[in-house]
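Here's the letter readout for the chains.
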Amino acid sequence: MLLRTLWSRLGTQLHVESRPGCILASARTPFSRTCYLNSLHQQHEQKRNDLLPALGGFKSVSSGCLTDPGRLTNCKSGQACFYSTNLVTSVLKSGLKPATVPGKRAPKGPRTKQPSRANQPSLSEDKDMMQCIAFATADQYHLPTLSHDLINHGFHEIDLPRDASNVLVISTDMAAKPDDNAQIFFFREGSVAFWNVEEKTMKNILRILERHEIQPYEVALVHWENEEINYTVGEGNTKLERGNFILSDKMDQEEAVLEKFAFSNALCLSVKLAIWEVALDNFVESIQSIPETLKSGKRVQLSSAEVMQKIGELFTLRHCINLRSDLLLTPDFYWDRENLEKLYDKTCQFLSINRRVNVVNEKLEHCTQLTDLMRSHLSEKHSLRLEWMIVILITIEVMFELAKMIF
């Protein structure tokens, strides 16, 4: 009887002392809560050592209940809580991991060539090289007025062969490095390539160019989608090696300009294609909800005018890529200039132009099928509406005839 009384009092006392100790493992204060767990375990050990001599026969039971460091007394809810030290340790370790916070979708990278720097020259070699940068700033340029404006600002025009009529070549004394002349190639299709031009002069030319652009692009898009390749003048033949242009030092001025023209043509073609790729991605995002809407069986909230507008945007892109540009065929300028054609083809291959064109055409084909589906769907809805109108008109006419016969 005495042992039972002592045991019940001990249980009541432990319940009162450990009531605030409903511990929830958290990563915010791991040190304080772990220390509290250790102190509570030490209190249990001390009371067990004081009580064991008096309990006698209950020694095994008490040691099994009081020596377990993972057992805590009742929480406020009245239910017993059991926490093992392994569980607390695992929760604390997992709480140290950074939480993933959902944010805005990361912007897509530029479509222009971003070659791996693994096979590129070292920084010391890179500093000695000059720079060629290509931009696509508008849908087209008005070259005659642009030439007149640039000459008035102190620039000099370089003559090209007659079959290169869609290009304007300008030279300037403001070279970034003294190893080569500073030259600029303007293509009628709305792209420009700068060779060894200092940054201040480049910005000045771009400001002048704004007055002669037809349907200009956004400034952020122009500077995001650009091609930047280093070049140098060295011995041997002109070539594209390890992602850099190596111009021959044995070429005269006219031949050097033509070789730069071949490289510039490929670079400007790449940046122009990148602009169209962005336009196609924007078009795909505008219609990406249509397949899901059709799949769920809901009505597509597009009018006939909106569908025709989408079809017009799609065919405009297809016309620009496949008909108006030189993406599918080598320009006629290189037919009787085999060495320039090799440089042009090698640069196009390095910039993955053919592969990118194939991907764009595959996307265009899929978008065309989707717009055709929408057009046929709207046509069927319109035909069904007309049929119901005819049925209603016939019904009204029959009712009038019946009314005449009856009355």
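Structure: see above.
Criteria and thresholds
- Residues numbered from 1 in each chain as written.
- Predicted model: local features only at pLDDT ≥ 70, side-chain atom pairs only at ≥ 80, totals over all residues.
- Heavy atoms only, no water.
- Pairing = 2+ DSSP bridges.
- Helix = DSSP H or I, 4+ residues; strand = E, 2+ residues; numbered from the N terminus.
- Axes fitted to C-alpha atoms, helices over the stretch in contact; angles between N-to-C directions.
- Contact = heavy atoms within 4.5 Å.
- Buried < 20%, exposed > 50% of the residue type's maximum accessible area, 1.4 Å probe, protein only.
- Expected span 1.5 Å × (residues − 1).

Caption draft 1: Quick peek at the sheet that holds strand E3 (residues 130-136). With respect to topology, 8 strands assemble into an open sheet ordered E5-E6-E7-E8-E3-E10-E12-E11, the strand pairing being mixed. In this open sheet, the two strands that pair with only one neighbour each are strand E5 (156-158) and strand E11 (239-241). Between one strand axis and the next, the sheet turns by 25 degrees as a mean value, whatever way the strands run. Of the pairings in the sheet, the one linking strand E6 (residues 167-172) to strand E7 (residues 182-187) comprises 6 bridges and is antiparallel in character. Paired with Ser171 across the strands is Gln183, a residue of E7. On top of the sheet, helix H6 (residues 143-152) reaches E5, E6 and E7; it is set at about 10 degrees to E6, its chief contact.

Caption draft 2: Fine view of unusual backbone geometry. The residue Arg242 is not glycine, and still its phi comes out positive at about 55 degrees. Within the element layout of this structure, Arg242 appears in the loop between E11 and strand E12 (244-248). You can call Arg242 partly exposed: its relative accessible area is 48%. Residues other than glycine seldom take positive phi values, yet Ser352 does so here, at roughly 60 degrees. By the secondary structure assignment, Ser352 is in the loop between helix H12 (338-350) and helix H13 (353-406).

Caption draft 3: Focus on the pairing of E7. Across the 6 residues that make up E7, a large majority, 6, are buried. Taking every second residue as pointing to the same face, both faces of E7 are buried, with Ala182, Ile184 and Phe186 on one and Gln183, Phe185 and Phe187 on the other. Where E7 meets strand E8 (residues 191-195), 5 bridges bridge the pair, whose relative direction is antiparallel. Residue pairing in the sheet places Gln183 in a bridge with Trp195 of E8.

Caption draft 4: Quick look at H13. Taking 1.5 Å per residue, 54 residues should reach 80 Å; H13 reaches 79 Å between its end C-alpha atoms and fits that length. Among all positions in H13, only Ile353, Arg356, Val357, Val360, Leu364, Cys367, Thr368, Leu370, Thr371, Met374 and Leu378 are buried. The inward-facing, buried residues of H13 abut helix H9 (253-287), helix H10 (289-295), helix H11 (304-324) and H12.

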